[in-house]
Amino acid sequence: MTNSAQPPQAGRPTANAMRRALRRARDGVALDVSEAAVLLRARGGDLDDLTASAARVRDAGLEAAGRPGVITYSKSVFIPLTRLCRDKCHYCTFATVPGRLRRDGHGMFMSPDEVLDVARRGAAMGCKEALITLGDKPEDRWPEAREWLEAEGYDDTIAYVRAISIRILEETGLLPHLNPGVMTWTDFQRLKPVAPSMGMMLETTSERLWSEPGQPHYGSPDKEPAVRLRVLEDAGRSSVPFTSGLLIGIGETYEERADSLFALRRVARSYHGVQELIIQNFRAKPDTAMRGMPDAEIDDLVATIAVARHIMGPSGNIQAPPNLIAGEYERLIGAGIDDWGGVSPVTIDHVNPEKPWPQVEELAERSAAAGFRLAERLCVYPEFVRRGEPWLDPRVLPHLRALADPETGLARPDAVVEGHPWQEPDEGYVVSSGRTDLHATIDTTGRTSDRRDDFDEVYGDWEALREQAAPGMVPSRIDGDVRAALKQAADDPTKLTDDEALALLHADGPALDALCAVADDIRKTVNGDDVTYIVTRNINFTNVCYTGCRFCAFAQRRTDADAYTLSLDQVADRAAQAWDVGAVEVCMQGGIHPDLPGSAYFDIARAVKERVPGMHVHAFSPMEVVNGATRTGLSIREWLAAAKEAGLGSIPGTAAEILDDEVRWILTKGKLPTATWIEVIKTAHELGIRSSSTMMYGHVDQPRHWLGHFRTLAAIQRETGGFTEFVTLPFIHTNAPVYLAGIARPGPTTRDNRAVTAMARVLLHPHIPNIQTSWVKLGQEGAAEMLRSGANDLGGTLMEETISRMAGSSYGSYRSIEDLVAIADAAGRPAKPRTTLYGEVPEERQRAAAASDGHLPELLPLAD
């Protein structure tokens, strides 16, 4: 039996420390971790004082939310989809083994029929939530689980959770609330379209309880605190309303418990996505390693709820499970809770089967005795119901609206719980809408305003982000020998050490001139003197996007004045126009539009190829690939193969920004993490779909991040050989939200641009032979300078360019062939057209381009 997990130490703080902490709580002053740890020990009159101030904070929040004197609950059914788990928590009776399931006559997972039977019985009783709980990744530990999934046609447990959630929505009308344990960012993208909310208890941030033998989480990979915090952050990045909380009394100290509460507050503050905290008290169970541990005391629970209320503030929602509190309803209400959680008239609490749910009538009576009216909510909290997008996916919105009161966001008492079809928002591609002439008018009338009117909410908490960004923006001290590094770069750049590379990335003055000369010599050896360019047209088919990238000034909500979406005919028309003036490629990317089905990308590629069979389709960033795959239910490999069949020729290596999550999670709220970007790119290369590679720099990054990015790209290229070029993308700051919020710097300096271009040539040699500079972001003189610093390619004519112009670039939306030749001339070099894959351009295409100078017949003047 494991007895090494002990409850929090019993020592009391000094009277002075308690008085000071209580006074700060009464006065509404923000507490720190040490003060919270003191208050967690409050007992007797001190505890009464603490709970009184916590209740006042709660009451102020309910008043502000428009539901004063209301305590909520959710009428639900509990569906234990599988009790197999790869973890070995020492207090758990929920998880079991395959042999016991067989002896009890159960399968490895509940079958669809079993799940739907429970859900239908719940619907008949007026339940509106299907709480789907299961063990973590059982197929990783139990062959029987893997065999069941394979036999039923599911790639993994998440695929089954997604499929059964759709059936629950369609056949019963209940709303799934998903608790599948630790999830990846990609898992959230797969599940968000089928569930309004999800959850996972943090339990504790105590590393000790996970890493030390004999402690309750030892041997459980999914209970590592850093892993669980990453899940909470990925939920916030994915705009998923998320439930979390603490399990108290499992051996953590009061300081560790306080630290856990502050970690939850940090995530809630950063992303505004934590919809509730559950404060659950440990109850020892027979047949577990912790059966000899004492239960968490009710005073301990009351104090933790009160401290949680003070830390989370009036807008937080705090829940305590009513079946684990020994009838102490009034005390918990007095401590600051505002929710009782899920209560089922149909199923037991499968995690705590020995503790039956109270009847709803009893819950209402006990709440009323404390002065509160009991009201039913949905699995997703009213605040998120009212927020709508991006928190609620369009595919679940009809199911939610069938049950929600549009005014309060609570459950409608008279709602009929019945199934509704789950499907893509539209069976086909959406019709054109909005400001579809933005590609032209961006250079004349410009954008409507410099920022969206939801600027203060959509990107997360700016102050928290500013604190997060500060450490990474501190320049590193560089002690490397620049002269020795320059000699090594000239002799054999493949042997540059990281210290030498960093010294060169920081080079300035004569050292920078020497570095650019070295890079230019490498360029001449590899590429000769030709400056290549491509006659291409950018087609950004929509700018409607709810991802929340903080550097992006292109994304709009569907209701914004500058929002637009092109129809398939408009996309094909633009491709045909480009072909007529000599284009060999269209480059197509768009926002992550919630109404576009995952198959829309295939439709776009087909529309171009059907209209212009000879056009190369260079399209769909890794973010769009993941979006398409999760919306269609296909794997990334399957989706890319289908896109290739539809006409996709290559993909842009955009959405990379900086391949370092320290930087990425400041730049973007919801974009794919580094590992997923790499997975998409490698998979594309394996399928014969080549890509460019990119780096956006000059924002919250430092040269050490650039070095890591270059090393990552070089490693991928050594493995796959699939990159066609590397493209430098200087950050355009003018209208970028992260700059407007005072966090990012105003783009890279000229020194930065020269150093990045030169070091791209040096560090990516000999793996990626082509280095492209961006006239869109640097202008003619800047691009010519980069051609003297190691670049050999100018990119494309573009014909239209909206993304950089929306961000504030002043260099226009197109360049003619004559313009690009002039840039090469300014660098003292000849210009030469190319294809996407750097091949020779057919004579017929060259003649068509020469006749039109590579641009459309009607071009608008450049903005000043």
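Residues numbered from 1 in each chain as written. Predicted model: local features only at pLDDT ≥ 70, side-chain atom pairs only at ≥ 80, totals over all residues. Heavy atoms only, no water.

(A) Representation of the overall build of the protein in the model. The secondary structure content of the protein amounts to 35 helices and 21 strands. Across its three principal directions, the C-alpha atoms of the protein cover 85 × 60 × 55 Å. Classification of the 864 residues of the protein by burial places 62% in the buried group. In the protein, 78% of the contacts between residues at least 6 apart in sequence involve partners at least 24 apart. (Helix = DSSP H or I, 4+ residues; strand = E, 2+ residues; numbered from the N terminus. Buried < 20%, exposed > 50% of the residue type's maximum accessible area, 1.4 Å probe, protein only. Contact = heavy atoms within 4.5 Å.)

(B) Geometry of the state of the cysteines. With the rule as written, the count across this model stands at zero disulfides. The closest cysteine sulfur to the non-disulfide-bonded C127 is located on C379, 12 Å from its own sulfur. Not part of a disulfide, C545 finds its nearest cysteine sulfur in C549, a span of 6.3 Å. (Disulfide = S-S within 2.5 Å.)

(C) Highlighting helix α10 (residues 225-237). In this model, α10 (13 residues) spans 18 Å end to end at C-alpha, consistent with the 18 Å of a helix rising 1.5 Å per residue. For α10, the buried fraction is high: 10 of the 13 residues fall into the buried class. For α10, the full list of buried residues reads P225, R228, L229, V231, L232, E233, D234, A235, G236 and R237. Those residues of α10 hidden inside the fold are in contact with α8 (185-191), α9 (208-211), β5 (242-248), α11 (254-271) and α27 (661-667). At the C-terminal side of α10, S239 shows a positive phi close to 55°. (Expected span 1.5 Å × (residues − 1).)

(D) Broad picture of helix α20 (residues 482-491). Within the sequence span of α20, burial applies to A485, L486 and A489. Down the axis of α20, the smallest arc covering the buried residues is 100°, so these residues share one side. When the buried face of α20 is taken as reference, the exposed residues oriented beyond 90 degrees from it are R483, K487 and D491. The elements touched by buried residues of α20 are α21 (498-505), α22 (509-527) and α31 (750-764). Sitting at the head of α20, D481 places a side-chain oxygen 3.0 Å from the backbone nitrogen of R483. (Arc of directions from axis to C-beta. Polar contact = N/O pair within 3.5 Å; in protein donor to acceptor, adjacent residues only side chain to side chain.)

(E) Spatial organisation of the packing of aromatic side chains. Going through the model one piece at a time under the given rule, you end up with 15 aromatic pairs. Plain terms: the ring middles of F109 and Y160 are 5.9 Å apart, the flat faces sit at 85° to each other, and that makes the pair edge-to-face. Taken as a pair, F109 in the loop between α4 (98-103) and α5 (112-124) and Y160 in helix α7 (residues 157-171) lie far apart in primary sequence, 51 residues in all. We note that F109, like Y160, is buried. Judged by centre distance (5.5 Å) and plane angle (75°), the rings of Y329 and W340 are edge-to-face. Placement of Y329 in helix α13 (residues 329-335) and of W340 in strand β8 (residues 339-343) is noted, with a sequence separation of 11 residues between them. (Phe/Tyr/Trp six-rings, centres within 6.5 Å; stacked < 30°, edge-to-face > 60°.)

(F) Seen up close, the side chain of Q717. Within the secondary structure layout, Q717 lies in helix α29 (residues 703-720). Polar contacts involving the side chain of Q717 include one to the main-chain amide nitrogen of F723, which spans 2.8 Å. Residues in contact with Q717, not counting those within four places in the same chain, are G722, F723, H767 and I768.

(G) Representation of the pattern of salt bridges. Under the criterion given, the structure shown has 53 salt bridges. With a closest N to O distance of 3.1 Å, K223 and E203 form a salt bridge. Of this pair, K223 sits in the loop between α9 and α10 while E203 sits in the loop between β4 (197-199) and α9, and the two are 20 residues apart along the sequence. Classification of K223 as buried rests on a relative accessible area of 9%. Judged by its relative accessible area of 10%, E203 falls in the buried class. (Salt bridge = Lys/Arg side-chain N within 4 Å of Asp/Glu carboxyl O.)

(H) Just the nonpolar core, in detail. Grouped together as the largest cluster of nonpolar side chains are 127 residues, with contacts concentrated most on M588, W677, F710 and M759. Counting residues per element, this core draws most heavily on α31, which supplies eight residues. Listed in part, the 120 residues of the second largest apolar core include A37, I318, A320 and W391. (Core = buried A, V, L, I, M, F, W, Y, C linked by side-chain atoms within 4.5 Å.)

(I) Representation of the packing of α22 against α31 in the model. For the pair α22 and α31, interaxial distance at closest approach is 9 Å and the crossing angle is 40°. Taken as axis vectors, α22 and α31 run oblique relative to one another. Judged by the sense of rotation from one axis to the other, the crossing of α22 with α31 is left-handed. Counting all contacts with α22, which are made through L512, D513, L515, C516, A519, I522, R523, V526 and N527, the residues of α31 involved are R751, R754, A755, A758, M759, R761 and V762. Of the residues assigned to the contact of α22 with α31, the class counts are 10 nonpolar, one polar and five charged. (Axes fitted to C-alpha atoms, helices over the stretch in contact; angles between N-to-C directions. Parallel < 35°, antiparallel > 145°, perpendicular 65-115°, else oblique. Left-handed = near helix turned anticlockwise from the far one by under 90°. Nonpolar A, V, L, I, M, F, W, Y, C, P; charged D, E, K, R; others polar.)

(J) The arrangement of the pairing of strand β15 (residues 616-619) in detail. On β15, burial covers both faces: H616 and H618 on one face and V617 and A619 on the other are all buried. Pairing analysis gives four bridges linking strand β14 (residues 585-589) to β15, with the strands arranged parallel. Opposite E585, over in β15, you have H616 as the bridge partner. As a crossover connection, the stretch from β14 through helix α24 (residues 600-611) into β15 is right-handed. (Pairing = 2+ DSSP bridges. Right-handed = clockwise from strand over helix to strand, strands pointing away.)

(K) Structural context of the packing of α21 against α31. The N-to-C vectors of α21 and α31 enclose an angle of 145°; their axes lie 9 Å apart at closest approach. Contact residues: α21 offers A501, L504 and L505, while α31 offers R751, A755, M759 and L763. Taken together, the residues of the contact of α21 with α31 break down into six nonpolar, no polar and one charged.

(L) Main features of unusual backbone geometry. Omega for the bond connecting E389 with P390 falls within 30 degrees of zero, at 5°, which places this linkage in the cis form. Considering the arrangement of structural elements, one finds P390 in the loop between α15 (382-387) and α16 (397-401). Cis rather than trans, the peptide bond between H765 and P766 has omega equal to 0°. Residue position: P766 is located in the loop between α31 and β19 (771-772). One non-glycine residue, K137, adopts positive backbone phi at about 35°. Inspection of the secondary structure puts K137 in the loop between β2 (129-134) and α6 (143-152). Its identity as a non-glycine residue notwithstanding, F620 has a phi of 75°, on the positive side. Inspection of the secondary structure assignment puts F620 in the loop between β15 and α25 (622-632). Residue F620 is classed as buried on the basis of its relative accessible area of 0%.

(M) Fine view of the pairing of β2. Within β2, six of the six residues are buried, which leaves the element mostly enclosed by the surrounding structure. Burial along β2 is two-sided: the residues E129, L131 and T133 and A130, I132 and L134 are all buried. Inspection of the sheet shows strand β1 (residues 70-82) paired to β2 by six bridges, in the parallel sense. Residue pairing in the sheet places T82 in a bridge with L134 of β2. The sheet contact formed by β2 and strand β3 (residues 175-179) spans five bridges and is parallel. Among the inter-strand pairings, I132 is bridged to a residue of β3, identified as L178.

(N) The confidence of the model for the protein, seen in detail. A residue-level look at the protein finds 91% of positions with pLDDT of 70 or above and a mean pLDDT of 90. Scored below 50 in pLDDT, residues 859-864 shows 15 contacts in the model against residues more than four places distant or in partner chains. (pLDDT = per-residue confidence, 0-100.)

(O) Region of the structure containing the environment of L47. Checked against the element boundaries, L47 lands in helix α3 (residues 45-65). Setting aside chain neighbours within four positions, we find L47 in contact with A42, D299, V302, A303 and R331.

(P) Layout of the environment of E679. Among the secondary structure elements, E679 is positioned in helix α28 (residues 674-686). Among the residues examined, E679 registers a relative accessible area of 40% and is labelled partly exposed. Taking the C-alpha atoms as reference points, E679 and I636, 43 residues apart in sequence, are found 8.5 Å from one another.

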